[in-house]
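# Coordinate analysis (summary)
In case you want the letters, here they are:
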Amino acid sequence: MAATVRRQRPRRLACWAVLAVLLADLLPLSDTLAVMSVDLGSESMKVAIVKPGVPMEIVLNKESRRKTPVTVTLKENERFFGDSAASMAIKNPKATLRYFQHLLGKQEGNPHVALYGARFPEHELGFDPQRQTVHFQISPQLQFSPEEVLGMVLNYSRSLAEDFAEQPIKDAVITVPAFFNQAERRAVLQAARMAGLKVLQLINDNTATALSYGVFRRKDINTTAQNVMFYDMGSGSTVCTIVTYQTVKTKEAGMQPQLQIRGVGFDRTLGGLEMELRLREHLARLFNEQRKGQRAKDVRENPRAMAKLLREANRLKTVLSANADHMAQIEGLMDDVDFKAKVTRAEFEELCADLFERVPGPVQQALQSAEMNLDEIEQVILVGGATRVPKVQEVLLKAVGKEELGKNVNADEAAAMGAVYQAAALSKAFKVKPFVVRDAVIYPILVEFTREVEEEPGVRSLKHNKRVLFSRMGPYPQRKVITFNRYNHDFNFHINYGDLGFLGPEDLRVFGSQNLTTVKLKGVGESFKKYPDYESKGIKEEEESPAEGSKDEPGEQAELKEEAEAPVEDTSQPPPTEPKEDAAPEEEKAAEKEKEEKSEAQKPSEKKEAGSEPVPPAPEEEKKQKPARKQRMVEEIGVELMVLDLPDLPEDELARSAQKLQDLTLRDLEKQEREKAANSLEAFIFETQDKLYQPEYQEVSTEEQREEISGRLSAASTWLEDEGFGATTVMLKEKLTELRKLCHGLFFRVEERKKWPERLSALDNLLNHSSMFLKGARLIPEMDQIFTEVEMTTLEKVINETWAWKNATMAEQAKLPATEKPVLLSKDIEAKMMALDREVQYLLNKAKFAKPRPRPKDKNGTRAEPPLNASDQAEKVIPPPGETEDAKPISEPEKETRSEPTDAEPLELGGPGAEPEQKEPPTGQKPTLKNDEL
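An account of the accompanying structure is given in this report. Remember, it's a predicted structure, so these values are computed and weren't measured experimentally.

This part is about the overall build of the chain. Helices and strands together make up the secondary structure of the chain, namely 22 helices and 31 strands. Every one of the 934 residues in the chain was classed for burial, and the buried ones make up 46%. As displayed, the chain has an accessible area near 50300 Å², and 50% of this comes from carbon and sulfur atoms.

The interhelical angle for the contact between helix H3 (residues 146-165) and helix H17 (residues 651-691), taken along N-to-C directions, is 45°, at an axis separation of 10 Å. One finds that H3 runs oblique with respect to H17. Crossing of H3 over H17 shows right-handed handedness. On the side of H3, the interface is formed by Glu148, Gly151, Met152 and Asn155, while H17 contributes Ser657, Lys660, Leu661, Leu664 and Thr665.

In total, this model carries 40 salt bridges according to the counting rule given. Residue Glu789 pairs with Arg778 through a salt bridge whose shortest N-O separation is 3.4 Å. Of this pair, Glu789 sits in helix H21 (residues 789-815) while Arg778 sits in helix H20 (residues 729-778); the two residues are 11 residues apart in sequence, bridging distant segments of the chain. Overall, the relative accessible area of 49% leaves Glu789 in the partly exposed class. Taken together, the shared-partner salt bridges connect Lys75, Glu78, Lys671 and Glu675 into one network.

All right, on to the packing of aromatic side chains then. What the rule picks out here adds up to 18 aromatic pairs. Summarising the aromatic geometry, the rings of Phe287 and Phe339 are spaced 5.7 Å apart at their centres and angled 85° between planes, so their arrangement reads as edge-to-face. With Phe287 in helix H6 (residues 272-290) and Phe339 in strand S19 (residues 337-344), this residue pair connects regions lying 52 residues apart in the sequence. For the pair formed by Phe287 and Phe339, the shared burial category is buried. Between Tyr443 and Phe511, the aromatic rings sit 4.7 Å apart at their centres with planes inclined by 75°, giving edge-to-face as the arrangement. Residue Tyr443 is located in the loop between strand S21 (436-440) and strand S22 (445-456), and its partner Phe511 is located in helix H13 (residues 505-511); the two are separated by 68 residues in the primary sequence. Residue Tyr443 shares its accessibility class with Phe511, and that shared class is buried. Each member of the aromatic cluster is reached from another via a ring pair, and the members are Tyr99, Tyr116, Phe120 and Phe136. Against the face of Trp719 rests Lys735, its NZ or CZ located 5.0 Å from the ring centre.

It is worth spelling out the sheet that holds strand S8 (residues 79-81) at this point. Pairing between the strands of a sheet is mediated by backbone hydrogen bonds and can be parallel or antiparallel. Read from one edge of the open sheet, three strands run S8-S7-S9, paired in antiparallel fashion. Bordering the open sheet on either side are S8 and strand S9 (96-98), each of which pairs with just one other strand. Adjacent strand axes in the sheet meet at a mean angle of 20° when their direction is disregarded. As paired elements, strand S7 (residues 71-74) and S8 share three bridges and run antiparallel to each other. Each residue of the ladder has a partner; that of Val72, found in S8, is Phe81.

The next point concerns the nonpolar core. Core analysis: the biggest nonpolar cluster contains 125 residues, and Met36, Leu154, Phe230, Tyr245, Leu259, Tyr443 and Phe493 have the highest contact counts within it. If near-sequence neighbours (up to four positions away) are discounted, Leu154 is found in contact with Val38, Leu40, Ile174, Ala191, Ala192, Ala195 and Leu197. Among the nonpolar cores identified, the runner-up in size contains 46 residues, and Leu316, Ala341, Leu367 and Met372 belong to it.

Another aspect to go through is unusual backbone geometry. Here Tyr476 and Pro477 are connected by a cis peptide whose omega angle stands at 20°. Here Pro477 lies in the loop between strand S24 (475-476) and strand S25 (478-483). Unusually for a residue other than glycine, Met56 sits at a positive phi of about 50°. Mapped onto the secondary structure, Met56 falls in strand S5 (residues 54-58). Overall, Met56 belongs to the buried group, its relative accessible area being 17%. One non-glycine residue with positive phi stands out, namely Asp336, at about 60°. Looking at where Asp336 falls in the secondary structure, it is placed in the loop between strand S18 (325-334) and S19. By relative accessible area, which is 75% here, Asp336 ends up exposed.

Turning our eyes to something else, we now look at the side chain of His102. With respect to the helices and strands, His102 occurs in the loop between S9 and helix H2 (111-119). Dropping the residues within four chain positions of it, His102 is found in contact with Ser42, His112, Arg119, Gly236 and Leu273.

With mixed pairing, the six strands of this open sheet are ordered in space as S20-S15-S16-S17-S21-S24. Each edge of the sheet is formed by a strand with only one pairing partner; in this case those strands are strand S20 (379-383) and S24. Of the pairings in the sheet, the one linking strand S15 (residues 226-233) to strand S16 (residues 238-250) comprises eight bridges and is antiparallel in character. Looking at the pairing, Asn227 lines up with Thr244 of S16. Contacting S15, S16 and strand S17 (254-267), helix H10 (residues 361-370) crosses the sheet at an angle of about 130° to S17.

Since the α-helix advances by 3.6 residues per turn, residues separated by three or four positions end up pointing in the same direction. Between its first and last C-alpha, H17 extends 59 Å over 41 residues, near the 60 Å set by a 1.5 Å rise per residue. Buried positions along H17 lie against S8, strand S12 (142-144), H3, helix H4 (182-194), helix H19 (703-723) and H20.

Here the focus is the side chain of Asp267. Checked against the element boundaries, Asp267 lands in strand S17. With a relative accessible area of 16%, Asp267 lands in the buried category. At 3.4 Å, the side chain of Asp267 and the backbone nitrogen of Leu270 are in polar contact. Residues within four places of Asp267 in sequence aside, it is in contact with Ser237, Thr238, Arg358 and Pro362.

The interhelical angle for the contact between H4 and H17, taken along N-to-C directions, is 50°, at an axis separation of 8 Å. It follows from the interaxial angle that H4 and H17 lie oblique. Taking contact as the criterion, the partners of Gln190, Arg193 and Met194 in H4 are, on H17, Glu651, Leu654, Ser657, Ala658 and Leu661. The residue inventory of the contact of H4 with H17, partitioned by class, reads four nonpolar, two polar and two charged.

Right, let's talk about the pairing of S20 for a bit. By the criterion of burial, S20 is predominantly enclosed, with four of the five residues buried. As judged from the five bridges shared by S15 and S20, these two strands associate in the parallel manner. What sits directly across from Val228, in S20, is Gln379.

Our next topic: H19. Compared with an ideal rise of 1.5 Å per residue, which puts 21 residues at 30 Å, H19 spans 30 Å between its outermost C-alpha atoms and is within 8% of the ideal. Those residues of H19 that fall on the buried side of the exposure criterion are Arg706, Ile709, Leu713, Ala716, Ser717, Trp719 and Leu720. All buried residues of H19 fall inside an arc of 160° around its axis, so they share one side. Residues of H19 that are exposed and point more than 90 degrees away from the buried face comprise Glu704, Glu707, Asp722 and Glu723. For H19, the elements touching its buried residues are H17, helix H18 (695-699) and H20.

Scoring rules and cut-offs
- Within each chain, residues carry numbers counting from 1 in the order of the written sequence.
- Reporting of local features is limited, given that this is a predicted model, to residues whose pLDDT is at least 70; pairs of side-chain atoms are given and counted only at 80 or more, and all residues count toward the totals for whole chains, interfaces and linings.
- Side-chain measures were taken over the full set of non-hydrogen atoms in the model, leaving aside hydrogen atoms and water.
- Counting from the N terminus, the helices are the DSSP runs of H or I reaching at least four residues and the strands are the DSSP runs of E reaching at least two.
- Each residue gets one of three labels from its accessible area relative to the maximum for its type: buried under 20%, exposed over 50%, partly exposed in between, using a 1.4 Å probe on protein chains only.
- In short, Shrake-Rupley with a 1.4 Å probe defines the accessible areas, and a residue's cover is counted only from the protein chains shown.
- For helices, the axis comes from a line fit to the C-alpha atoms of the stretch in contact; other axes are also lines fit to C-alpha atoms, and the angle between any two N-to-C directions lies between 0 and 180 degrees.
- Any angle that falls under 35 degrees is termed roughly parallel, while one over 145 is termed roughly antiparallel, one within 65 to 115 roughly perpendicular, and all others oblique.
- Take the far helix as your reference; a near helix turned counterclockwise from it by less than a right angle gives a left-handed crossing, and one turned clockwise gives a right-handed crossing.
- Note on contacts: a residue pair is in contact if any heavy atoms of the two residues lie within 4.5 Å.
- Here, a salt bridge means any Lys or Arg side-chain nitrogen found within 4 Å of an Asp or Glu carboxyl oxygen.
- Pairing of aromatic side chains here covers Phe, Tyr and the six-membered ring of Trp, requires ring centres within 6.5 Å, and sorts the geometry by plane angle: under 30 degrees stacked, over 60 edge-to-face, intermediate tilted.
- Lysine and arginine charges are scored as sitting over a ring when NZ or CZ, respectively, is within 6 Å of the ring centre and within 35 degrees of the ring normal.
- Two strands qualify as a pair provided that DSSP identifies no fewer than 2 bridges between them.
- We call a set of buried residues a nonpolar core when its members are Ala, Val, Leu, Ile, Met, Phe, Trp, Tyr or Cys and they connect through side-chain atoms within 4.5 Å of each other.
- For a helix, the expected span equals 1.5 Å multiplied by the number of residues minus one.
- Polar contact is defined as a pair of N or O atoms within 3.5 Å, subject to the rule that within protein one atom must be able to donate a hydrogen and the other to accept it, and that residues adjacent in sequence are counted only when both atoms are side-chain atoms.
- Under the convention adopted here, Pro, Cys and the residues Ala, Val, Leu, Ile, Met, Phe, Trp and Tyr are nonpolar, Asp, Glu, Lys and Arg are charged, and Gly plus all remaining residues are polar.
- Throughout, the arc means that of the directions going from the helix axis to the C-beta atoms.

Structure follows, in structure tokens:
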């Protein structure tokens, strides 16, 4: 905090407090090469990456699937993620955590906490005594908060991305539901910090979907506004979004496509999970009825049986989307009793009738918030897995009144692709085509403060003021500024949510606290007392995080005046097609005020220019006309922030959670390394025992050698079965090294014999080709010889030495028994081949770049002696067939002599088989004619 004051003419003391409120998901940019996005759904997640050469690719998990269940199984000594954890839900339902995102940012009295406990009674929920937040009590010694569990999932998603990208990744864009409030968003950011991820941005999943749709259809976007509705029903919630696409003019890149979120409606609990829970309850009731007379326990009291029923309900929901009925069947549901029952689509729709009635709700909310009607919507596009239920499509189609619903978007991957495009745009390592993203504020945010006013002389009272910072559905990213100009002492102000009347009573209970932050400014009064003769120019507080959006898209700015007595006005939402009218009245006042101050400073110079004749002023007059030099003084002001909605984790607790997750990751890596070492040892024992009976191994070993190896292998196998479970990774690796050393000689002899035929054949071929090459080189005439005698002699020596080494070594090897270490080694053969090949390649390269020696030839092709006086004879040109000798020949220059030759004109020879043109010979050489070229 710094207060800037300047010494000017006496004015009323005032102070400014400039507040820059940026939402919790506005974070710094990145500078790494590869970036990733994580689309966090309630049931599953999709991970995408961008790296050089791999633009926007969905990451495959270890099972080669494109989406991964958001499920974690936590035991005392191991963890499971994804599909492995989902399969553990039946074996150990208490330790398998699913749908835990519904508990992020929630305190003990939140209705969603009670709802989670009713849906999943197998989990024991505890509460933090200070923050009143939830944690999972896996065992007396093992407990984790939802943030820690989410941090594990994010760390696992990064490991999948790094394996797929084959390089480290630290930067990510994470999607969150559009209805998440600030407490829920901060919980996601804390989880990312625990996982060691640098979050470039938290992007609303509906905005990411809209961005993906626009990026792949940017050619269809023009200056005409196109309104598209996205209806996204996932596993846990439903969100309806109205988006306007059009091209706008930007300062940096000219006309570019833009998407603007115009309206949003949502239902926090309407989704595929609630349908599956209804089906699970129906199947449990059928199973209980089948065993009614057997005095059996209620299946609802058995967590494993309920986990099996939930999995079957998920399968039933999928099958009934394409079939009128289906048979539900589970082997050994409870007490080794099988379950089988027929379920029809009509029964399913009856079970979920009240859910289907809620389908049009988000549509009406979105239209109302956008102040639009259905006639203005050009297309309705389905997103999310639960929209595949036929009844959902039927009710939605009737609600929107369209001929058909759009299904031209990948319902599962659109958000992940849009988020990774935004990640590339935010990263400094990539340059993408600009696409302007203007998101919308779902929950309005305002500032509240109290100050003293004097309504009557001598009568002072307190007045409570409210000013809107971010209005509902106002576009962002943007920065708002509020000015306090009637304070000369320390004061506080509050940042709270605005009017949430659009939420129902139940949604308000789920929403939680409507108070966000209290800001305390300290040292204001002391600064005024310290500099009584100075005029205050403001007390400014700004967040250093850049505005959310692409790196080329600055946020909107607006200013709110504290001294304004008029009702609060929304200054944040500019018309989408008229960017010049974005400025608010308060901004105009601020601009006019600044203009007046500048004009006052310019008055002396204006008076000077008003005269008709320039008269140089006297020194005294010049001193009077020169304005006083302003002095600048900077004073630090203290700021204290108090979070009111949900207290953040203290830094020490956050560090402990991060360390706990890191320790678990290291433990998992050590466990994987130990399992790998044990598997390698076991595989080596079995493979080697099998090899001892193969002919090729028996040929190079004695009976005593095989018995020794077999006995040691059997002892190692017994040790592994009896004591291997308690053995460390080092012990397992040492045991494997010991056995490999024992079998090294046997394996070496077998491998050498396998390599001999190929290596010896290659050596023979190289020797034969080298000998032929040498023979050809010696046949080159002396005048055309390009190799020296030393070079050819050296090659001949290498060839002879290689032949001699081969014959002697093979003869020696033939005398040795197969059970002894061979003297004919493949590495020696390769060394001899490399030495011989090096000599041959040297001569070949010399021949490749050698220039032939030029020499003149007569018309018979024999060497012609140069004439004593070359200038006395002219060269004769042989005419091509069909021409006479009357053609004028091209003669040499007259001054050309044998001792001082000059460049000659090129010869032009016609006729069949003749070269079209000959290049000029180099200076100092005489051009020659070759009869074989005529």
